[in-house]
Each structure stands twice: as C-alpha cells, then as structure tokens.
Amino acid sequence: MTRSGTDEPTNTPLLYTAAQAAALLQVSPSWLRRKATARAIPCTFVGKHLRFSANDLASIIAAGAHSPADQRHQ
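Residues numbered from 1 in each chain as written. Predicted model: local features only at pLDDT ≥ 70, side-chain atom pairs only at ≥ 80, totals over all residues. Heavy atoms only, no water.

## Quick notes on the overall build of the protein
Here is step 1 of the chain: For the protein, the helix and strand inventory stands at three helices and three strands.
Here is step 2 of the chain: For the protein, the N- to C-terminal ordering of α and β elements is β-α-α-β-β-α.
Here is step 3 of the chain: Counting the 74 residues in the protein, one finds 19% classified as buried.
Here is step 4 of the chain: Sequence-distant contacts in the protein: of pairs separated by 6 or more residues, those separated by 24 or more amount to 37%.
Here is step 5 of the chain: Counting only carbon and sulfur atoms, one obtains 52% of the accessible surface of the protein, whose full area is about 5900 Å². (Helix = DSSP H or I, 4+ residues; strand = E, 2+ residues; numbered from the N terminus. Buried < 20%, exposed > 50% of the residue type's maximum accessible area, 1.4 Å probe, protein only. Contact = heavy atoms within 4.5 Å. Areas by Shrake-Rupley, 256 points an atom, 1.4 Å probe, with all protein chains shown as cover.)

## As for the sheet that holds strand β3 (residues 49-53)
Here is step 1 of the chain: With respect to topology, three strands assemble into an open sheet ordered β1-β3-β2, the strand pairing being antiparallel. With one partner strand each, in any of the chains shown, β1 (15-16) and β2 (44-46) form the two edges of the open sheet.
Here is step 2 of the chain: Pairing between β1 and β3: two bridges, direction antiparallel. Its bridge partner being in β3, Tyr16 is matched across the sheet by Phe52. (Pairing = 2+ DSSP bridges.)

## Thoughts on the side chain of Asp56
Here is step 1 of the chain: As for its position among the elements, Asp56 is in helix α3 (residues 54-64).
Here is step 2 of the chain: Buried and unpaired, Asp56 has no salt bridge, with Arg51 as the nearest side chain of opposite charge at 10 Å.
Here is step 3 of the chain: At 3.5 Å, the side chain of Asp56 forms a polar contact with the side chain of Thr44. (Lys, Arg positive; Asp, Glu negative; His and termini not counted. Salt bridge = Lys/Arg side-chain N within 4 Å of Asp/Glu carboxyl O. Polar contact = N/O pair within 3.5 Å; in protein donor to acceptor, adjacent residues only side chain to side chain.)

## Considerations on the nonpolar core
Here is step 1 of the chain: Counting residues in hydrophobic clusters, the biggest one holds 12 residues: Tyr16, Ala18, Ala21, Ala22, Leu25, Leu32, Ala36, Ile41, Leu50, Phe52, Leu57 and Ile60.
Here is step 2 of the chain: A per-element tally of this core places helix α1 (residues 18-25) first, with four residues.
Here is step 3 of the chain: If we skip the residues at most four places from it in the chain, Ala18 touches Leu32, Arg33, Leu50 and Phe52. (Core = buried A, V, L, I, M, F, W, Y, C linked by side-chain atoms within 4.5 Å.)

Okay, structure coming up:
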C-alpha cells in the first residue's frame, strides 16, 4: 500500500480495528467499543465495521490528558 502523493509503501494502516486501536491505547477492546457505540469518543464506521483513524486516536488521547493541578500557596 502506498500513501497518496508518495511512492513509498507504508506499514501504518489508514484505519485501525477496535482491537488494534485498543492495543495502542492500552485499554480493553470492549471499553473502546462501548465508548464508540455511545459516540463518546471519535470513531469511523465503514458500513457496520468500527474503525479508528490516527486522528481519532490522537483526539482520544488528548481528551484524556490532564494538566497539572494548580498548586498556589496561600
């Protein structure tokens, strides 16, 4: 497979299955499917098949990020 505009093949999938995405995110596939079905996280449906793009995964990670607590001394 080649990416648009390049002649070099890539091993990175354009879309990940729930199992692949869950492995990358280090969560269970059932958690990921449940959140996707509830539309609580970004995902793509190809027909009835659930898939995740790299942008979907980045959004899921960003949404879960917490900034350090503001520790002001009074």
